Amino acid sequence: MKFPRFAFLDHPRAGLIAAVLVPLLFGVLSMAFGQDTNWDLRNYHLYNGYALMHGRIGFDIAPAAFQTYFIPTLDVLYYVLNHGLSPRLAGFVLGWLHGLNFVLLAAIARQLLGNQRLALLLAGMGMLGAGFLSELGNTMGDNLSALPLLGALYLILRHWDGWSRWQARSVWMLAVAGALSGLSAGLKLTNATYAVALCLALLGVTLPWWQRLRLSLVFGLGVLAGLMASAGWWFLKMWQTFGNPLFPQFNSIFRSPLAPLNGVLDTHFRPLNMTENLLWPFIFARDAHRVSELTLKLMIWPVLYVVVLAFALHWLWRRARAGATAPVTPLLSARAAFVLLFFAIAYLVWMRMFSIYRYLIPLELLAPLLLWLLWQAVWPTARRLAGAVLAVLALMVLQASTWGHAGWTEKGFSAEVPAFATPASSIVFLAHWDPPTGWMSTFFPQPVQVVSIGTGFPESPAWRARIDAAMAARPGPHYVLLNSAKNEKDSTRLHKLAAVQWLGLTDDVAGCNRLEQLMHRVRFQVELRRLPTGGCTFDLLPQHRMDLAAVNRELVAAASNHVRSYGLELDAASCTTYPAAIGDEPYPYQLCRVKILPK
């Protein structure tokens, strides 16, 4: 199929131009989304980069719960970007890096299709997945860690003929592909599922069994080398500090006394029974909350599932017609069959291990390409229909949900922090799991120790003893950091007010009159209040107003009971609220004095 409207993509330089422009466009789109404020960023992405750069591993005690001890390499990148560049430029760079997935997708598609125009179109559709767009320019790491994984798949396909004949250079490139896959897992351990899938898929290529085993071994050794190069230093640090290289996860294996003997794995999103296992793409496409906290449009998965089933049935039908011994012409090239096998294994491992959608982003990127390959194999005369289906699926995703953004400001992260009389003797206790407060740890003076109590870390008796020892070693004064009440509707009010102020509708009586007339036609969900100066402003509607002081008192009362279980007494009268923000989104907090109760 030629797609005549896209004939310009056949130009010899079209691939190079797209490889330059598309990542830049995603960088611009990242800036348009705004300052990243996702939950994980506020919990551990900002803190972990800061902690590694300032030598606080093992000094602070789990400010970001068990995520404090996740591999921080990508978080260091974000920390460096935010301290070396303006917030907007840092957001652009992250979006540009994520946009580089297009280059690798196009290269993979070119290997499988040999058609530049089609490869560029399918790569573009791959970049319009709901999960990928939800994380564009943010710190969650799935988009960024997909790059080395796609690079690994490209190298396998690029050197296919060579390594299948055991040519030295191509076998070496297979090891490099393994190292890239290991690097992807080292950047984010959930990507280990893809390293396993690629390794197993190599056992399924059409070669004698001993050659397949040899190729898989070469790739597997490369995976181990890449994993150790990217994360081995962290595993060693965790082993030396806590007695578990994956601390506190998989402690049923490593048995560190500082954590319970369990796996610390999230199984909440997995299918519940055999029926759900078999129909999972239909189930999570109907209700995305089965695999994600976001409302995502995931219709490509049931469509792909149906096409995979049609492909399997078509192959079985051809096999039956040909007879048990007669050769059957392959429906897919050897390269495409390998990608299908890798995709299927990776999906099954993901479903049984996690079923958390954002861990599926590498397959989401490849899904349009695979759908096209299978459709072409089953219905080669209906390619125009395949193109229309893919276009509709891509357009359905727009406008994508995201994990949270705020407006850009001069400083991406800001907080007012009071002076500490004796910071080397002080502890700031964190007592909230949600909303997370780990990011606030980066603002306190370096000598202040930050200790999390009851915020989701799986505490063992030895871990509690570690907290008690920290309290005994520091005479105080000590503090507990609590969230402060904020009215989410007030943020919306301020954004609306900023928009009409920019239009000059709040400066004088005439502008306010025009604004009032507009509000009769358009529901602003705010009240217009005239000012003595002749201008006007917005107030919240009565039903949206909150008694913030009362909410804060409730937070303090709940925290008082909570910290008492750790041998602390909270002085409610000392609680003071301070401003903090990510971008233009306020995250005020309270700081209260606490004292250690006698044993």
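Residues numbered from 1 in each chain as written. Predicted model: local features only at pLDDT ≥ 70, side-chain atom pairs only at ≥ 80, totals over all residues. Heavy atoms only, no water.

Participant: Would you take a moment to explain the environment of glycine 141 for this structure?
Facilitator: Take glycine 141: it is sitting in the loop between helix 7 (130-134) and helix 8 (142-158). Note: C-alpha distance between glycine 141 and glutamine 399 (258 residues apart in sequence) is 21 Å. Other than its neighbours up to four places away in sequence, glycine 141 contacts Leu74, Glu135 and Lys188. (Helix = DSSP H or I, 4+ residues; strand = E, 2+ residues; numbered from the N terminus. Contact = heavy atoms within 4.5 Å.)

Participant: How should the packing of aromatic side chains be read in this particular structure?
Facilitator: By convention here, two paired aromatic rings are described through the distance between centres and the angle between planes. Applying the stated criterion to the full structure yields 38 aromatic pairs. Taking 6.2 Å as the distance between ring centres and 80 degrees as the angle between the ring planes, the aromatic pair formed by tyrosine 69 and phenylalanine 457 counts as edge-to-face. Remark: phenylalanine 457 occurs in the loop between strand 5 (449-452) and helix 19 (461-473) and tyrosine 69 occurs in the loop between helix 2 (39-53) and helix 3 (73-84); sequence separation between them is 388 residues. Here tyrosine 69 matches phenylalanine 457 in class, with each residue buried. Their ring planes at 75 degrees and their centres at 6.0 Å tell us that tryptophan 439 and tyrosine 587 sit as a pair that is edge-to-face. On the criterion of sequence distance, the pair formed by tryptophan 439 in the loop between strand 4 (427-430) and strand 5 and tyrosine 587 in the loop between strand 12 (585-586) and strand 13 (589-596) is long-range, its members being 148 residues apart. Just as tryptophan 439 is buried, tyrosine 587 falls in that class too. Three or more aromatic residues joined by ring pairs form one cluster here, namely Trp280, Phe284, Trp301, Phe343, Tyr347, Trp350 and Tyr357. Over the aromatic face of tyrosine 566 sits the side chain of arginine 464, whose NZ or CZ is 4.0 Å from the ring centroid. Lysine 486 extends its terminal NZ or CZ atom over the ring of tyrosine 587, reaching a point 3.9 Å from the ring centre. (Phe/Tyr/Trp six-rings, centres within 6.5 Å; stacked < 30°, edge-to-face > 60°. Buried < 20%, exposed > 50% of the residue type's maximum accessible area, 1.4 Å probe, protein only. Lys NZ or Arg CZ within 6 Å of the ring centre and 35° of its normal.)

Participant: Could you clarify how one ought to interpret the layout of surface pockets in this entry?
Facilitator: If a probe the size of a water molecule is rolled over the atoms, the empty space left behind becomes visible. Counted as a void, the largest pocket has a volume near 1,200 Å³. Around the largest pocket, the lining comprises 47 residues; the ones closest to its centre are Phe66, Phe70, Thr190, Gln249 and Tyr359. Looking at the lining of the largest pocket, the elements with two or more residues in it are helix 2, helix 3, helix 10 (168-187), helix 11 (192-202), helix 12 (209-242) and helix 16 (334-353). With five residues, the top contributor of residues to the lining of the largest pocket is helix 12. Here the residues of the lining of the largest pocket are counted per class, giving 33 nonpolar, eight polar and six charged. Of the volumes computed, that of the second largest pocket is approximately 700 Å³. Taken together, 28 residues form the lining of the second largest pocket, with Phe6, Leu120, Leu121, Gly124 and Met125 sitting closest to its centre. Tallying contributions element by element places helix 1 (residues 14-33) first for the lining of the second largest pocket, with eight residues. Looking at side-chain class alone, the lining of the second largest pocket contains 26 nonpolar, two polar and no charged residues. (1 Å grid on protein atoms, 1.4 Å probe; cavity = no way out; pocket = protein on both sides within 12 Å on 5 of 7 lines; lining within 4 Å. Points joined across faces, edges and corners; volume = space filled by probe spheres on them. Nonpolar A, V, L, I, M, F, W, Y, C, P; charged D, E, K, R; others polar.)

Participant: Help me out: how do you make sense of a nonpolar patch on the surface in this one?
Facilitator: A cluster of nonpolar side chains, namely Leu16, Ile17, Val20, Leu21, Leu24 and Trp96, defines an oily patch on the protein surface of about 530 Å² accessible area. Among the elements that line the nonpolar patch, the one with the most residues is helix 1, at five residues. Positionally, leucine 16 belongs in helix 1. Look at leucine 16 and you get exposed, because its relative accessible area is 59%. (Patch = residues over 30% accessible without salt bridge, like charges linked within 9 Å, V, L, I, M, F, W, Y side chains within 5 Å. Areas by Shrake-Rupley, 256 points an atom, 1.4 Å probe, with all protein chains shown as cover. Salt bridge = Lys/Arg side-chain N within 4 Å of Asp/Glu carboxyl O.)

Participant: Can you help me understand the confidence of the model for the chain in this one?
Facilitator: Reading predicted coordinates in detail is not appropriate for stretches of low pLDDT. For the chain, the average pLDDT comes to 93, and 98% of its residues sit at 70 or higher. When pLDDT is averaged over each element of the chain, helix 4 (residues 87-99) comes out on top at 98 and helix 9 (residues 160-164) at the bottom at 86. (pLDDT = per-residue confidence, 0-100.)

Participant: Please clarify how the pairing of strand 4 should be interpreted in this entry.
Facilitator: On a regular strand, one side chain projects to one face of the sheet and the next to the other, so that they alternate. Neither face of strand 4 is left uncovered, since the one carrying Ile427 and Phe429 and the one carrying Val428 and Leu430 both have all their residues buried. As paired strands, strand 4 and strand 5 are joined by four bridges and run parallel to one another. What sits directly across from phenylalanine 429, in strand 5, is valine 451. Pairing geometry for strand 4 and strand 6 (residues 478-483), over three bridges, is parallel. (Pairing = 2+ DSSP bridges.)

Participant: Any chance you could explain the pattern of salt bridges here in plain terms?
Facilitator: Between side chains of opposite charge, a pair can form as their charged atoms come close. Counted according to the given criterion, the structure contains 14 salt bridges. With a shortest N-O distance of 2.5 Å, aspartate 539 and arginine 529 are connected by a salt bridge. Taken together, the positions of aspartate 539 in strand 8 (residues 536-540) and arginine 529 in strand 7 (residues 526-530) put the pair ten residues apart, joining distant regions of the chain.

Participant: Whenever I open this one, the state of the cysteines confuses me. Can you help?
Facilitator: Simply put, the disulfide is a covalent bond whose two ends are the sulfur atoms of two cysteines. Taken as a whole and assessed by the stated rule, the structure comprises two disulfides. What pairs with cysteine 512 in a disulfide is cysteine 536, and their sulfur atoms sit 2.2 Å apart. With the S-S dihedral at roughly -100 degrees, the linkage between cysteine 512 and cysteine 536 falls on the left-handed side. Note that cysteine 512 is positioned in helix 21 (residues 509-521) and cysteine 536 in strand 8, a separation of 24 residues in sequence. Among the residues examined, cysteine 512 registers a relative accessible area of 0% and is labelled buried. Relative accessible area serves as the criterion here: at 4%, cysteine 536 is assigned to the buried category. Across the disulfide, cysteine 575 is cross-linked to cysteine 592 (sulfur-sulfur distance 2.0 Å). One quick way to see it: the torsion about the S-S bond of cysteine 575 and cysteine 592 is about 115 degrees, and its sign makes the bridge right-handed. (Disulfide = S-S within 2.5 Å.)

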